[in-house]
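# Structural overview
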Amino acid sequence: MVVRRVLPTLILIGLVVLTEQVTRITDTRYYLTQLTMTAYYGLVIMGLCLLMGYAGQISLGHAGFFAMGGYLSGLMTTYNLEALKGSSLGSMLTTLNLLVSRKDLYGDVTLSVHPWVSCILAVAFASVVAYLVGGPVLRLKGHYLAMATLGFGIIVYRVVLGSAIFGEADGFSDIPGFAVFPGVEVSGRASVRVANYYLAWGLLTLTLAGLLSLVNSRIGRALRAIHGAEDAARAMGINTPRFKLQVFVLSAALAALAGVLLTHFNGAIGPAQASVMASVRYVAIVAVGGMASLWGTLTMGSVLNMLSLRGYFGSLDDAVFGGILIVIMLFAPDGLLRAHPLARIRSLLRGTEEG
Amino acid sequence: MSFELLFQYVVAGVTYGIIYAVVAIGFNIIYNTTGIINFAQGEFFMLGGMTAVTLNAFMPLPLAIMLAVLVTMVVGALIEMIFIRWLISPSVLRMIIITIGISILVREAALHIWDESVHALPYFTGNEVTSIAVGPVRISPQVLWVIGTCTVMVLALNSFFNQTSLGRQMRACSANRDAARLCGISAKNMVTLSFVLSAGIGALAGCVVSPITYVQYSIGTGLAIKGFTVAILGGLGNSLGAVAAGLILGLLESFSIWVMPTAYKDAISIAVLLVILFVRPSGLFGSSEAANLKEF
Amino acid sequence: MERLLEVRNLCRRFGGLKAVENVSFSVKEGQIKAVIGPNGAGKTTLFNLVSGFLKPDSGTVLLDRLAVQDLPSYSIARKGMARTFQHMKLFPKMSTLENVMVGRHIHGRAGFVPSFFNLPWTWSEERRMRREALDLMTRLDIENLAETEATSLAYGQQRMVELCRALACSPRLLLLDEPAAGLNMRETAEMAKMISRIRDMGITVLLVEHDMSLVMNISDEVAVLCYGQKIADDVPLAVQKNPEVVRVYLGEENAQDS
Ligand SMILES: Nc1ncnc2c1ncn2[C@@H]1O[C@H](COP(=O)(O)OP(=O)(O)OP(=O)(O)O)[C@@H](O)[C@H]1O
Ligand SMILES: [Mg+2]
């Protein structure tokens, strides 16, 4: 029983290590960069899978939370607080290690928020926004919920695109690395590539393990009940509004965390990360993975993100995701890994005869 | 504020408002026969405008517009026949995702055909600087074209649904699909027809407005959100409500320039959308009891 | 006997339609009380009002002397009222056992954080809930369906599973909306026996039912609704003799025959 529950996670860990070893032996270390990014996108997708696949609540605005995390952390770690330097507040914050000085590209010393602090603040902010937005939004269903979350995503996009403080169309660049532990820095430098790879996949594995135990618990059952028949779930005493809100906040926090880490890893973030298309991609991956399947979502998400990040889809990138969405939803609404092509074709034929 | 400026704001508001109303009516037509919100609705508009621009290089304007509308209608029919027709009672979530996928595909196809550049048809009469006097103020004739065409379109649709037998069949379908089928109405063909109609009116609106607003491959999503806002505001499925709501949103946007930067103009409609969804999802004119009976 | 449920002057309209109009009645602890009435009489609406799925325009619902009409349905469920639905609402894509375990939901306490971190005590709680659900299923004689997907079962079995799921809440008051609808004669008889057994377990039952013989055989009291109004409320024999009830029912019966 216990073995069966941890075995898949162990296999995942094995695969992660194996992949790293393979890149070492075949001298293809550069793959690790995209693999790291894939892992961070994996965080967003796992959260969305919980929300959409298990609790049955669609969100077309998750890129908004991702961008919120990335942009806020980017802003706080690059915004020069030199003005605070002389003040008692500044020195207090510096002694508490909440502010750090560093040299920027041009050798000037700048004072800015410590990445740990900015990370926590950014994720907390996104969670609070999710809590506030989720209250009214999650009362909606179906098309209304889709449109409301889409609207939320567009507002975030407009704000980052239209605000000078967020760099308008250029976004942020030159964002410093994030020293998670002494010696382990989230940044794109080649010297820390392996450490970053393990950090990202380690985090993803832990998240996956947590989410797996969550979906197999009393809570997961309640979420699936809400998905299947919300009225009946309420009749069983399940506090449906609270559960939906909690899942929404959890998935938003995961998206924001991924946003923070990926932004520090890339050293940059732009408005495209907040766009509707970005949100739709996350939805597409959850759909391809089979909606209520964390493993399926992880597998398909890794494959698709890897291919996309390596540029295999070229200028057809968005079209590929759009096409995938349609094909999966038409022919295999339970996900690619669970599709039984013959059974579906048979049921289709039967359906048309009746109809 | 001078009277003239005020008038200009009103004219701009009405022009955009009626466009939004047409997009909203497109939503309504499909929603009424299928219960689907077609997220690709804005793409019909874009497709109409773009195709007309291309065709106009080879033929006179009226012909180009007619052909563009026709082409878009065919695209609408194809979309329905390829992606929608054979699905057996699909879930709402599935339909949302499929229509989003369609909208992405259409948009990406447009990007590859017409690239990112902005296009526009020539002014139907005169040019950018022509204006005609309406009482004490002057407005562009194209504005009259837009308002006129859209009004005629709304009236024509209205009489189509009320007076012709085909229109009545479509309404029967939306009222009760099973009962309509028992009366020998082919519900599936009605659905195709609703896509064709909705594509057609979207395309025509895209053509008449393109000299003023220009068209680009990516305008669909923004327009769809506004059209949807208007459809909800007017009460989903209620076309006259959509006209009123369209005018309200158009005027609201137009006058918002007084109080906030133009860059945030688009945020108005989204804010309106969110507010109306939270406060009164049945719309301004719909009854909330009736809304409870709808399946979302 | 204590009055477990007391409904006073409940009103609810839909637009111009008075679905429930000034209805008062009470259910005593340990009773089986039935609500009958022709189609569209407002029985389901009454159930929805009592269980918090609809809010009344006016009137009060007292569950064990506590006013619950303003509470959300899930809070009412936690106070010991479970219900089934006229049109069954089993959870799709979940096994029968899982369906019943959802019924045990309110008797567990593992929240998001303990479940996410897989704390050992959540395992033992999970095992306990599983055992309790299986025990209950054994008592209702459906334990052999445990691993089957609930929505793929035969209609009669689904009714039984829904009943089992509601019982899993360990309610004090059980609301059954037409539990025998769509069942054949043998299944109906079984259901009647089951409802009596549930009462014998000490659970109070309020039920809506069209099957007259079932209602008259097992109920301790019967209330009759017609066009949203209560026209009778008494022991079965008296209700059967009530002239107004006879008029309403025979009128309807005749109409159905022709
Ligand atoms: N949500 C609603 N909106 C509008 N009208 C409703 C709604 N629910 C019920 N009604 C109406 O209220 C009346 C009572 O309905 P209700 O379902 O309570 O009857 P019932 O006694 O349960 O009937 P049946 O025996 O058919 O189950 C009916 O006329 C019905 O059409
Ligand atoms: Mg009923």
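Residues numbered from 1 in each chain as written. Chains lettered and ligands numbered in written order. Predicted model: local features only at pLDDT ≥ 70, side-chain atom pairs only at ≥ 80, totals over all residues. Heavy atoms only, no water.

The helix and strand tally for chain C stands at 10 helices and 10 strands. A compact globule built from 258 residues would reach a C-alpha radius of gyration of about 18 Å, and chain C, at 19 Å, matches this within 12%. Each of the 258 residues in chain C was classed as buried or not, and the buried ones make up 55%. When contacts within chain C are restricted to residue pairs at least 6 apart in sequence, those whose partners lie at least 24 apart make up 68%. Of the roughly 11500 Å² of accessible surface on chain C, 52% is carried by carbon and sulfur atoms. Taken together, the 32 basic and 32 acidic charged side chains of chain C have centroids lying 5 Å from each other. (Helix = DSSP H or I, 4+ residues; strand = E, 2+ residues; numbered from the N terminus. Rg over C-alpha atoms; globule rule 2.2 N^0.38 Å. Buried < 20%, exposed > 50% of the residue type's maximum accessible area, 1.4 Å probe, protein only. Contact = heavy atoms within 4.5 Å. Areas by Shrake-Rupley, 256 points an atom, 1.4 Å probe, with all protein chains shown as cover. Lys, Arg positive; Asp, Glu negative; His and termini not counted. Charge placed at Lys NZ, Arg CZ, Asp CG, Glu CD.)

Right, let's get into the sheet that holds strand β7 (residues 173–177) of chain C. Adjacent strands of a sheet pair through backbone hydrogen bonds, lying either parallel or antiparallel. Residue and element names in this part refer to chain C. Ordered in space as β6-β7-β8-β3-β9-β10, the 6 strands form an open sheet in which the pairing is mixed. Looking at the sheet topology across the chains shown, the edges are occupied by β6 (81–83) and β10 (229–234). In this sheet, neighbouring strand axes are inclined to one another by 15 degrees on average, regardless of whether the strands run parallel or antiparallel. Lying over the sheet, helix α6 (residues 155–168) contacts β6 and β7, oriented at roughly 155 degrees with respect to β7. (Pairing = 2+ DSSP bridges. Axes fitted to C-alpha atoms, helices over the stretch in contact; angles between N-to-C directions.)

Once that is clear, we can look at the domain arrangement of chain C. Residues and elements named next belong to chain C. Partitioning chain C into structural domains gives domain 1 (1–80 + 172–258) and domain 2 (90–170). Domain 1 and domain 2 are separated by 27 Å when their C-alpha centres are compared. Listed as interface residues are 19 residues of domain 1 and, on the opposing side, 12 residues of domain 2. A combined buried area of about 1200 Å² lies between domain 1 and domain 2, and 71% of that area is made up of carbon and sulfur atoms. It is R78, M191 and M194 in domain 1 that bury the most area against domain 2; as a group they hold 31% of the surface buried on that side. Connecting domain 1 to domain 2 are 0 salt bridges. Between the two partners, domain 1 and domain 2, sit 2 residue pairs in polar contact (both at pLDDT 80 or more). Put simply, the parts of the chain that give the side of domain 1 that touches domain 2 at least two residues each are α2 (73–78), β7 and α7 (185–200). Ranked by the residues each element gives to the side of domain 1 that touches domain 2, the list is headed by α7, at 6 residues. (Domains from an automatic or database assignment. Buried area = accessible area lost by both parts, 1.4 Å probe. Salt bridge = Lys/Arg side-chain N within 4 Å of Asp/Glu carboxyl O. Polar contact = N/O pair within 3.5 Å; in protein donor to acceptor, adjacent residues only side chain to side chain.)

Further remarks concern the coordination of the magnesium ion (ligand 2). Residues and elements named next belong to chain C. Coordination of the magnesium ion (ligand 2) by the protein comes from T44 (OG1) and Q86 (OE1), over a distance range of 1.9 to 2.1 Å. Here T44 is found in helix α1 (residues 43–50), whereas its partner Q86 is found in the loop between β6 and α3 (96–103), with 42 residues between them in sequence. According to the relative accessible area criterion, T44 is partly exposed, its value standing at 27%. (Donors = N, O, S within 2.8 Å, 3.2 Å for Na, K, Ca; no water.)

Residues and elements named next belong to chain C. An order of β2-β1-β4-β5 is seen for the 4 strands of this open sheet, with the pairing classed as antiparallel. One side of each edge strand has no neighbouring strand; the edge strands of this open sheet are β2 (17–28) and β5 (66–67). α1 rests against β1 (3–14), β2 and β4 (58–63) of the sheet, and its axis sits at about 120 degrees to β1.

Next up on the list: the interface of chain B and chain A. Between chain B and chain A, the residue contacts involve 35 residues of the former and 42 residues of the latter. Each partner contributes to the roughly 3600 Å² buried at the junction of chain B and chain A, and carbon and sulfur atoms together form 81% of this total. Per-residue buried area on chain B facing chain A is highest for W86, I97 and F278 of chain B; these three make up 17% of the total on that side. At the boundary of chain B with chain A, the tally comes to 0 salt bridges. Summed over the shared surface of chain B and chain A, the result is 4 residue pairs in polar contact (both at pLDDT 80 or more). In terms of residue count, the dominant contributor to the side of chain B that touches chain A is helix α4 (residues 92–114) of chain B (14 residues).

All names here are of chain A. Located in the positive-phi region is D27, a residue other than glycine, with phi close to 60 degrees. Residue position: D27 is located in the loop between α1 (2–25) and α2 (31–54). We note that D174 has phi near 55 degrees; this positive angle belongs to a residue other than glycine. Secondary-structure assignment places D174 in the loop between α6 (142–162) and β3 (178–181).

Residue and element names in this part refer to chain A. Within the element layout of this structure, T297 appears in helix α12 (residues 294–309). You can call T297 buried: its relative accessible area is 0%. In this structure, T297 is in contact with I45, M46, C49, I285, V286, G289 and M291, ignoring residues within four places of it in sequence.

On to the pattern of salt bridges, then. Scanning the model with the defined rule gives 26 salt bridges over all chains in all. Between E253 of chain B and K226 of chain B there is a salt bridge whose closest N-O contact spans 3.2 Å. Separated by 27 residues along the polypeptide, E253 of chain B in helix α10 (residues 239–259) and K226 of chain B in helix α9 (residues 219–233) bring together distant segments of the chain. According to the relative accessible area criterion, E253 of chain B is buried, its value standing at 1%. Through salt bridges with shared partners, a single ionic network connects K28, K33, E221, K230 and D233 of chain C.

So, about the site of ligand 1. Around ligand 1, 14 residues are found, and the nearest of them are G40, K43, T44, T45 and Q86 of chain C. Nearby residues around ligand 1 are contributed by chains B and C. Here T45 of chain C contributes a side-chain N or O atom positioned 2.5 Å from an oxygen atom of ligand 1. For ligand 1, whose free accessible area comes to 630 Å², the fraction covered by protein is 68%. Here the residues of the shell around ligand 1 sort into 5 nonpolar, 7 polar and 2 charged. (Near = heavy atom within 4 Å. Nonpolar A, V, L, I, M, F, W, Y, C, P; charged D, E, K, R; others polar.)

Let us look at the confidence of the model for chain C. This prediction gives chain C a mean pLDDT of 90; 96% of its residues lie at or above 70. Scoring the predicted complex yields pTM 0.90 and, for the interface, ipTM 0.91. (pLDDT = per-residue confidence, 0-100.)

A separate point is the packing of aromatic side chains. All names here are of chain A. As enumerated under the stated definition, the model contains 26 aromatic pairs over all chains in all. Ring-pair connections join several aromatic residues into one group, and the members of that group are Y41, F66 and Y282. Taking the ring centre of Y31 as reference, the NZ or CZ of R310 above it sits at 4.5 Å. (Phe/Tyr/Trp six-rings, centres within 6.5 Å; stacked < 30°, edge-to-face > 60°. Lys NZ or Arg CZ within 6 Å of the ring centre and 35° of its normal.)

Turning our attention to the confidence of the model for chain B. Residue and element names in this part refer to chain B. Mean pLDDT for chain B: 85, with 96% of residues reaching 70 or above. Within chain B, helix α3 (residues 61–84) carries the highest mean pLDDT (94), whereas helix α12 (residues 288–293) carries the lowest (46). Here residues 289–296 scores under 50 on pLDDT; set against residues more than four positions off or in separate chains, the count is 14 contacts.

Before going further, it helps to spend a moment on the environment of I218 of chain C. Residues and elements named next belong to chain C. On the secondary structure map, I218 appears in helix α8 (residues 212–218). Sequence separation of I218 and M101 is 117 residues, and the distance between their C-alpha atoms is 29 Å. Excluding residues within four positions of it along the chain, I218 makes contact with I32, A192, I195, S196 and R199.

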